[in-house]
Amino acid sequence: KAQQFDNVDTYQRSLGEIYSVNFYQVVQSAETSDVTSESLKDLIQKVISSYEKAIEYDPGNYNNYFGLANFYSTPVPLEIPGSKQASLNAYAKVLELKPNNPLLFLQMAKLASFDDEILAEELIKKSISLKPNYFDAVHSLVQFDLEKGNIDKGIDLLEKYLASYPQDLEAKYK
């Protein structure tokens, strides 16, 4: 109802987030036979439409593109045709609007990790270079090292992080 009084991108982006959560809940909780592909297509369209309206209202707000890119890039059991390219396009727009956002590089790394681990690792390192105390990025790099069998390297990276940021309680308990 709020959007009836003022067409602001925040309302549409919020709707996109709500529909995204709804979509993932349906996909995760339902058995395939319980959910018709039409209902999933309807939810997908609502998510995409909400973010596109947000972008239309404020094409300069990187959050609108970021929400759309994140929806497209999240792996789901249902293949969304063109989702990877749509995600890359939206991330490219975020990069244009907010080039020093460490979260952007971490999200792009997650997308790249499906088919290009080298690029994914470079993107994580870029995220860390932009914000050295960004634990989620450091943790992702540690995970990369552990998965590749570089256990000592991963532990060393984590110990250096903890020594540099001893006040980061989340890092101590992860």
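Scroll up to find the structure this text is about.
Analysis parameters
Residues numbered from 1 in each chain as written. Predicted model: local features only at pLDDT ≥ 70, side-chain atom pairs only at ≥ 80, totals over all residues. Heavy atoms only, no water. Patch = residues over 30% accessible without salt bridge, like charges linked within 9 Å, V, L, I, M, F, W, Y side chains within 5 Å. Areas by Shrake-Rupley, 256 points an atom, 1.4 Å probe, with all protein chains shown as cover. Salt bridge = Lys/Arg side-chain N within 4 Å of Asp/Glu carboxyl O. Lys, Arg positive; Asp, Glu negative; His and termini not counted. Charge placed at Lys NZ, Arg CZ, Asp CG, Glu CD. Helix = DSSP H or I, 4+ residues; strand = E, 2+ residues; numbered from the N terminus. 1 Å grid on protein atoms, 1.4 Å probe; cavity = no way out; pocket = protein on both sides within 12 Å on 5 of 7 lines; lining within 4 Å. Points joined across faces, edges and corners; volume = space filled by probe spheres on them. Nonpolar A, V, L, I, M, F, W, Y, C, P; charged D, E, K, R; others polar. Buried < 20%, exposed > 50% of the residue type's maximum accessible area, 1.4 Å probe, protein only. Phe/Tyr/Trp six-rings, centres within 6.5 Å; stacked < 30°, edge-to-face > 60°. Lys NZ or Arg CZ within 6 Å of the ring centre and 35° of its normal.

Outline a negative patch on the surface, supporting the account with residue identities and numerical values.
A contiguous patch of negative charge, built from Asp116, Glu117, Glu122 and Glu147, is present on the exposed surface. Within the fold, Asp116 resides in the loop between α6 (102-112) and α7 (117-130).

Run through the layout of surface pockets, naming residues and quoting values.
Put simply, the largest pocket is a space of about 220 Å³. Considering the residues around the largest pocket, the lining is formed by Leu106, Ala109, Lys110, Ser113, Glu117, Ile124, Asp136, Ser140, Phe144 and Glu147. Per element, the largest residue contribution to the lining of the largest pocket is four residues, and it comes from helix α8 (residues 135-147). Taken together, the residues that form the lining of the largest pocket break down as four nonpolar, two polar and four charged.

Mind laying out the pattern of salt bridges, listing which residues take part and the relevant values?
Under the criterion given, the structure shown has seven salt bridges. For Asp156, the salt bridge goes to Lys160, with nearest N and O atoms at 3.3 Å. Of the two residues, Asp156 and Lys160 both sit in helix α9 (residues 151-164), four residues apart, roughly one turn of that helix. Among the residues examined, Asp156 registers a relative accessible area of 35% and is labelled partly exposed. Take Lys160: its relative accessible area is 51%, and that puts it in the exposed class. Because the salt bridges share partners, they merge into one network encompassing Glu121, Lys125 and Lys148.

Requested: an account of the packing of aromatic side chains, with residues and values cited.
Enumeration according to the criterion identifies seven aromatic pairs in this entry. Taken together, a centroid distance of 5.0 Å and an interplanar angle of 40° make the contact between Tyr161 and Tyr165 tilted. Judged by its relative accessible area of 4%, Tyr161 is buried. One aromatic cluster is present, formed by Phe23, Tyr24, Phe71 and Tyr72 through successive ring pairs. In this arrangement the basic side chain of Lys126 is found over the ring face of Phe105, its NZ or CZ atom lying 5.7 Å from the centre.

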